[in-house]
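Read off the chains here:
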Amino acid sequence: IDATLSAWLPLIGNFRLAEVKGNLKNGIKVTFDIPGVLSGTATFYVRDGWVWIDLSATVFGKTYGPISIKLLPLP
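On a predicted model such as this, the values are computed, not experimentally measured, just so you know.

K.L.:
Please clarify how a nonpolar patch on the surface should be interpreted in this entry.
P.N.:
On the surface, a nonpolar cluster with roughly 590 Å² of combined accessible area is contributed by Leu24, Val46, Leu55, Ile67, Ile69, Leu71, Leu72 and Leu74. Among the elements that line the nonpolar patch, the one with the most residues is strand β6 (residues 62-73), at four residues. Along the chain, the position of leucine 72 falls in strand β6. Since its relative accessible area comes to 44%, leucine 72 is described here as partly exposed.

Here it is in structure tokens:
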């Protein structure tokens with residue numbers, strides 16, 4: 001996967017909200033950045049037959065994470 005999520009707002013124009021790169025084997029990393037408001041990463045990957053997510057974010061200058069969350073089992 002290799003994608004970019006952008007938004008267009010009047011008076012601001014087009015700006016990048018998030019970028020997505022990778023695969024489940026090596027990890028799908030989502031990088032997001034709304035300057036002055038929210039920035040960080042979310043990485044999805046497979047470990048021990050489960051899909052996991054590692055989250056780390058900064059919201060209004062306060063840092064949260066990193067944290068790993070087991071999401072769902074693979075068949």
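Here the narrative resumes.
K.L.:
Is there a simple way to think about the pairing of β6 in this case?
P.N.:
Remark: a regular strand shows side chains that alternate across the two faces of the sheet. Judged from the nine bridges that link them, strand β5 (residues 50-59) and β6 form a sheet pairing that is antiparallel. Bridging across to β6, tryptophan 50 finds its partner in proline 73. The antiparallel hairpin formed by β5 and β6 contains two residues in its connecting segment, where phenylalanine 60 sits at a positive phi of about 50 degrees.

Parameters at a glance
Per chain, residue numbering runs from 1 following the sequence as it is written. Selection of residues for local features in this predicted model requires a pLDDT of at least 70, selection of side-chain atom pairs for listing and counting requires 80 or more, and totals for whole chains, interfaces and linings are taken over all residues. Hydrogen atoms and water are omitted, and side-chain values are computed over all heavy atoms in the structure. Excluding any residue in a salt bridge, patches collect residues exceeding 30% relative accessible area, merging like charges within 9 Å and nonpolar Val, Leu, Ile, Met, Phe, Trp and Tyr side chains within 5 Å. Note on areas: Shrake-Rupley, 1.4 Å probe, and residue coverage restricted to the protein chains presented here. Salt bridges are defined by distance alone: a side-chain nitrogen of Lys or Arg within 4 Å of a carboxyl oxygen of Asp or Glu. Secondary structure counts use DSSP, requiring at least four H or I residues in a row for a helix and at least two E residues in a row for a strand, with both numbered from the N terminus. Accessibility here uses a 1.4 Å probe with only protein chains present; expressed as a share of the type maximum, an area under 20% marks a residue as buried, one over 50% as exposed, and anything in between as partly exposed. A pair of strands is treated as paired once DSSP finds two or more bridges between them.

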